[in-house]
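Here is how the chains run, residue by residue.
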Amino acid sequence: DATKIIEFLSLQNFDKARQIYIQKHGQYIFNWSLYEQHRTNFLIKILQKYSTNFYTEIIKNCEKYGVDHKTEFNATPLMLAIKAGNIKLIKDLLKYGADTEITDIFGMNAWQLALQRTIQDKKYAENVFSEIHKILSPSGISLKVDEKLIKIDSKLGEFLIFHILYVLIPRRFNESQEAAITAVELSKLIENLPETVVPEYRKKRQYISSLLSKNEVQSTNPYTRKIFKRIQKGKYVLNPEIQIKIKDIWIEIYKSAGIELLSHIVYGDDALYKDFLNKLK
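Here is a short report on the structure shown in this document. (Residues numbered from 1 in each chain as written. Predicted model: local features only at pLDDT ≥ 70, side-chain atom pairs only at ≥ 80, totals over all residues. Heavy atoms only, no water.)

1. Looking at the sheet that holds strand E6 (residues 228–232)
With respect to topology, three strands assemble into an open sheet ordered E5-E7-E6, the strand pairing being antiparallel. Every other strand in the sheet has two partners, leaving strand E5 (181–182) and E6 as the edge strands with one partner each. Note: E5 against strand E7 (residues 235–238), two bridges, orientation antiparallel. When the sheet's bridge partners are listed, Ile181 is paired in E7 with Tyr236. (Pairing = 2+ DSSP bridges. Helix = DSSP H or I, 4+ residues; strand = E, 2+ residues; numbered from the N terminus.)

2. Concerning the pattern of salt bridges
Pairing between side chains becomes possible if they bear opposite charge and their charged atoms approach one another. Summed over all chains, the structure comprises nine salt bridges. Residue Asp121 pairs with Arg117 through a salt bridge whose shortest N-O separation is 3.0 Å. For Glu131, the salt bridge identified is with Lys134, shortest N-O distance 3.5 Å. Residue Glu131 and its partner Lys134 are both found in helix H9 (residues 129–136); the two are separated by three residues, about one turn of the helix. Residue Glu131 is classed as partly exposed on the basis of its relative accessible area of 25%. Each of Lys91, Glu131 and Lys134 takes part in a single network of salt bridges with overlapping partners. (Salt bridge = Lys/Arg side-chain N within 4 Å of Asp/Glu carboxyl O. Buried < 20%, exposed > 50% of the residue type's maximum accessible area, 1.4 Å probe, protein only.)

3. Notes on the packing of aromatic side chains
Counted according to the given criterion, the structure contains three aromatic pairs. Between the aromatic rings of Trp111 and Phe159, the centroid separation amounts to 5.5 Å while the plane-to-plane angle is 35 degrees, which identifies the pairing as tilted. Taken together, the residues Trp111 in helix H7 (residues 110–120) and Phe159 in helix H10 (residues 157–172) connect sequence positions 48 residues apart. Just as Trp111 is buried, Phe159 falls in that class too. Judged by centre distance (5.4 Å) and plane angle (80 degrees), the rings of Tyr201 and Tyr207 are edge-to-face. Classification of Tyr201 by relative accessible area gives partly exposed; the value is 48%. (Phe/Tyr/Trp six-rings, centres within 6.5 Å; stacked < 30°, edge-to-face > 60°.)

4. Regarding the sheet that holds strand E4 (residues 148–153)
Strands sit in the order E4-E3-E8-E9 across an open sheet of four strands; the sheet is antiparallel. Two strands close off the open sheet at either side, each with one partner strand: E4 and strand E9 (249–252). The sheet shows a mean angle of 35 degrees between the axes of neighbouring strands, direction not considered. Looking at chain direction, strand E8 (residues 243–246) and E9 are connected through four bridges and run antiparallel. (Axes fitted to C-alpha atoms, helices over the stretch in contact; angles between N-to-C directions.)

5. Some words on the pairing of strand E3 (residues 140–145)
Burial along E3 is one-sided: the face carrying Ile141, Leu143 and Val145 is buried and the face carrying Gly140, Ser142 and Lys144 is not. Pairing geometry for E3 and E4, over six bridges, is antiparallel. Each bridged residue has a counterpart across the sheet, and for Lys144 the counterpart in E4 is Leu149. Here E3 folds back onto E4, and the loop between the two strands holds two residues, one of which, Asp146, carries a positive phi near 55 degrees. As paired elements, E3 and E8 share two bridges and run antiparallel to each other. Bridging across to E8, Lys144 finds its partner in Gln243.

Geometric descriptors of this kind do not, in isolation, establish any biological role.
See below:
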């Protein structure tokens, strides 16, 4: 994710990056508070014109370059409208035929980007996600596990847990964070979601824990989907053997999340990506 790029830029002596990834007493330290401050300010700046109801220029660019054109931020107008939480603009872009299934470099489509923002931003969760979910939520997802097709309806609890783990992949890839996640952590991430999206009982640790256990790779439950892998007691990741379908192509779940690409961009090879996968075994 961006932290890897900042680390790389700091080692290449870019001043702003060096303010965040700093050397102190012979050791490198990542200044998370400064990173979050710069990240917030940057998001506000790039999303400013996508946050108002005066977006004539955005629509004109869609008419000129196509509604799904990539902007200077390597994202479609719909993706940026999603990040900004501008419901009116989202609806107008959909009227123009915006493709909701186009993914960013981390394999996330429009609804997944909204979910990612939701679990990171309480205000976004409270104010806009319910409406975005109503407009964009898919009916389900199809996965391949052990060469078997697995379909998960959006009404099932597994659907939301799968997607939360999926949108967290780029952030968990960061070396300073553990890849695995617990039911307690998931419960805290879900608690701010509106009840129109997820009923209160599905936010409970016990419910989440039961779904993780039922659907883990080693489960003996006859209805297991094998979508989660327990790598330590109570700690889970998405099963690395899962394949996800993106634009009619089946691709390994962690490749679809852009981790291999990021490893190549920052380090010039996929060694870090392989190391990340090894930690999930």
